[in-house]
Amino acid sequence: MTEATITHQPQQQRFVMTLDGAEAVLDYQLTGSQINFHHTFVPPAFRGKGLAEKLVRHGLAWAKAQQYQLQASCSYVQKFIR
């Protein structure tokens, strides 16, 4: 596995980590000053390697820097904002 890089795709409201041609994603929805992280996905072959955590921490850091009010309807992301 090559080093994964995270790209923000604001038009699609998501962060993407590309892994050997596959994509892990963190999807969000913006409503005014609120951001709701609602979905994470890591391809099965790459699970258990901490990639979802890296993706979520990156997205949350960006959202905090933008001063959005954080929400998470994704149960995985909820663990990070309690």
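Residues numbered from 1 in each chain as written. Predicted model: local features only at pLDDT ≥ 70, side-chain atom pairs only at ≥ 80, totals over all residues. Heavy atoms only, no water.

Draft legend 1. Molecular detail of the pairing of strand β1 (residues 5-9). The pairing of β1 with strand β2 (residues 14-19) spans 5 bridges and is antiparallel. Along β2, the bridge assignment pairs Gln 9 with Arg 14. From the end of β1 to the start of β2, which pair antiparallel, there are 4 residues, and Gln 13 there has a positive phi angle of about 50°. (Pairing = 2+ DSSP bridges. Helix = DSSP H or I, 4+ residues; strand = E, 2+ residues; numbered from the N terminus.)

Draft legend 2. Seen up close, unusual backbone geometry. Even without glycine at this site, Gln 13 takes up a positive phi of about 50°. Looking at the element boundaries, Gln 13 is found in the loop between β1 and β2. By relative accessible area, Gln 13 is classed as partly exposed at 24%. Even without being glycine, Asp 20 reaches a positive phi, approximately 45°. Relative to the helices and strands, Asp 20 resides in the loop between β2 and β3 (22-31). On the accessibility criterion, Asp 20 (44% relative accessible area) is partly exposed. (Buried < 20%, exposed > 50% of the residue type's maximum accessible area, 1.4 Å probe, protein only.)

Draft legend 3. Local environment of the pattern of salt bridges. All told, the structure shown has 2 salt bridges when counted by the stated rule. Two residues, Glu 23 and Arg 14, come together in a salt bridge whose shortest N-O distance is 3.7 Å. Arg 57 is paired through a salt bridge with Glu 53; the nearest N and O atoms lie 2.8 Å apart. In this pair, Arg 57 and Glu 53 both sit in helix α1 (residues 51-65), 4 residues apart, roughly one turn of the helix. You can call Arg 57 partly exposed: its relative accessible area is 48%. (Salt bridge = Lys/Arg side-chain N within 4 Å of Asp/Glu carboxyl O.)

Draft legend 4. Here's a closer look at the sheet that holds β1. Overall, mixed pairing links the 5 strands, which are arranged β1-β2-β3-β4-β5 in an open sheet. Across the chains shown, the open sheet's two edge strands, defined by having one partner strand only, are β1 and β5 (69-72). The sheet shows a mean angle of 25° between the axes of neighbouring strands, taken without regard to direction. As defined by bridge partners, β3 adjoins strand β4 (residues 34-41) across 7 bridges and the pair is classed as antiparallel. (Axes fitted to C-alpha atoms, helices over the stretch in contact; angles between N-to-C directions.)

Draft legend 5. Quick look at the environment of Gln 11. In this fold, Gln 11 is placed in the loop between β1 and β2. Considering only alpha carbons, one finds Gln 11 and Ile 35, 24 residues apart in sequence, at a separation of 14 Å.

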